[in-house]
Amino acid sequence: MQGGERYNSISDRLREEFGRKTVKLGIDAGFTCPNRDGTLGYGGCAFCSEGGSGELSAHAEDISGMSESIGIQIERLSGKWPDAAYLAYFQAFTGTYAPVPVLRRRYYEALSDPRISGIVISTRPDCLGEDVLDLLEEINRDHFMWVELGLQTIHRATSDEMGMGYDVSDFDRSCRRLASRGIRVVAHLILGLPGETREMMLGSVKHVASMPVYGVKLHLMNVVKNSRLYGMMPGYTPFDSIDEYVELVTECLEYIPEDITIHRLTGDVPRRYLVSPEWSYKKRTILNGINRRLKEKDIRQGDRCLRMSTEA
Ligand code: SF4
């Protein structure tokens, strides 16, 4: 962290890496998910939307190909960031769930595009066989890359209730195997899953902070219209107010060592799909609130890790 920064933001680290604003382009490569195609289940995780949580991605198969998908998004973004660097983000569904020759073709298709500077692959921790890891290690040797693993929670009762079909032991194993091959891992956690207390959420954060991760994404739990969760608990509201959420996030940051990059501190669901919390779309307000609270409390990412190691 530098100067007045209070957490280790990935956007700053990417600016250092590529020398300019760096943007992820969501690519829907046409993969599905074992929790949707019947291998493990049909309905998906309870919080997942019909689009496999990739509603912001461009579907590479609906249009004539990867290159066009990339081009459309760059054109959309060029007004806002005319000189940005771009990472191809395999975000929708399970980004490693296809035969390896298909994965190889899709990943290299993206990487061969001269406008793309690297690749980000989001996946379930139970979809990383040896052959997939070999491919990822090969790509990682020559390209900028990280792999995002959807842990969401370390608590078995929650992962079972959400029908995820994997748990923290899958995450731990895959995280270590990726890290041992020199591949950066970014862990996803959801804050506000049904039944979870503040202590349980902090427990998940502390666990991730003890693992060999490059980054952490803290997602505000968003109930979306086309999810199973909405059917199960239509009135569920994860947090009563922005302030309550902001307070929790600032506390989470204190337990994450400062060398771990922070990739997200809130949610990102298009407003037309959002049910609850109804204020979730106010991303800028939430982020400003987090920055203000960090300043008021005069705390920085990792403060409690420092304190814990000093006390030990
Ligand atoms: S693993 Fe991911 S894509 Fe699959 S159902 Fe769960 S959240 Fe959706």
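Draft legend 1. Representation of the pattern of salt bridges within the structure. Within this structure, the stated rule accounts for 25 salt bridges. If you follow the salt bridges from partner to partner, you end up with Glu130, Asp134, Glu137, Arg177 and Arg181 in one network.

Draft legend 2. Highlighting helix α1 (residues 10-18). Along α1, the residues classified as buried are Ile10, Arg13 and Leu14. Here the buried residues of α1 occupy an arc of 100 degrees about the axis, which is enough to place them on one side. Where α1 terminates, the next one or two residues include Gly19, which has phi positive at roughly 75 degrees.

Draft legend 3. Representation of helix α10 (residues 283-297) within the structure. Its 15 residues give α10 an end-to-end C-alpha distance of 21 Å, which sits within 8% of 21 Å, the value for a rise of 1.5 Å per residue. Considering only its buried residues, α10 is in contact with β7 (215-220) and α9 (242-254).

Draft legend 4. Fine view of the pairing of strand β6 (residues 184-191). Counted residue by residue, β6 has seven buried out of eight residues, so it is predominantly covered. Alignment of strand β5 (residues 144-152) against β6, held across six bridges, turns out to be parallel. Across the sheet, the residue bridging to Leu149 is Ala187, located in β6. Taken together, the six bridges between β6 and β7 define a ladder with parallel strand orientation.

Draft legend 5. Inspection of the pairing of strand β4 (residues 116-123) at higher detail. With seven of eight residues buried, β4 is to be regarded as a mostly interior element. Of the strand pairs in this sheet, strand β3 (residues 85-90) and β4 are connected by five bridges, and their pairing is parallel. Bridge assignment links Ala88 to a residue of β4, and that residue is Ile119. In the sheet, β4 pairs with β5 via six bridges, with the strands oriented parallel.

Draft legend 6. Molecular detail of the environment of Asp303. Position of Asp303 among the secondary structure elements: in helix α11 (residues 303-311). Looking at Asp303, the relative accessible area reads 18%, which means it is buried. Those residues in contact with Asp303, other than ones at most four positions away along the chain, are Glu254 and Asp298.

Draft legend 7. How the structure looks around the packing of aromatic side chains. With the rule as written, the count across this model stands at seven aromatic pairs. On the numbers, 5.2 Å between centres and 80 degrees between planes, the contact of Phe90 with Tyr107 is edge-to-face. Taken together, the residues Phe90 in strand β3 and Tyr107 in helix α3 (residues 100-111) connect sequence positions 17 residues apart. Judged by its relative accessible area of 1%, Phe90 falls in the buried class.

Draft legend 8. The side chain of Asp28, seen in detail. Among the secondary structure elements, Asp28 is positioned in strand β1 (residues 22-28). In this structure, Asp28 is buried with no salt-bridge partner, the nearest side chain bearing the opposite charge being Arg106 at 7.4 Å. Side-chain polar atoms of Asp28 contact the backbone nitrogen of Gly30, separated by 3.0 Å.

Rules behind the numbers
Residues numbered from 1 in each chain as written. Predicted model: local features only at pLDDT ≥ 70, side-chain atom pairs only at ≥ 80, totals over all residues. Heavy atoms only, no water. Salt bridge = Lys/Arg side-chain N within 4 Å of Asp/Glu carboxyl O. Buried < 20%, exposed > 50% of the residue type's maximum accessible area, 1.4 Å probe, protein only. Helix = DSSP H or I, 4+ residues; strand = E, 2+ residues; numbered from the N terminus. Arc of directions from axis to C-beta. Expected span 1.5 Å × (residues − 1). Contact = heavy atoms within 4.5 Å. Pairing = 2+ DSSP bridges. Phe/Tyr/Trp six-rings, centres within 6.5 Å; stacked < 30°, edge-to-face > 60°. Lys, Arg positive; Asp, Glu negative; His and termini not counted. Polar contact = N/O pair within 3.5 Å; in protein donor to acceptor, adjacent residues only side chain to side chain.

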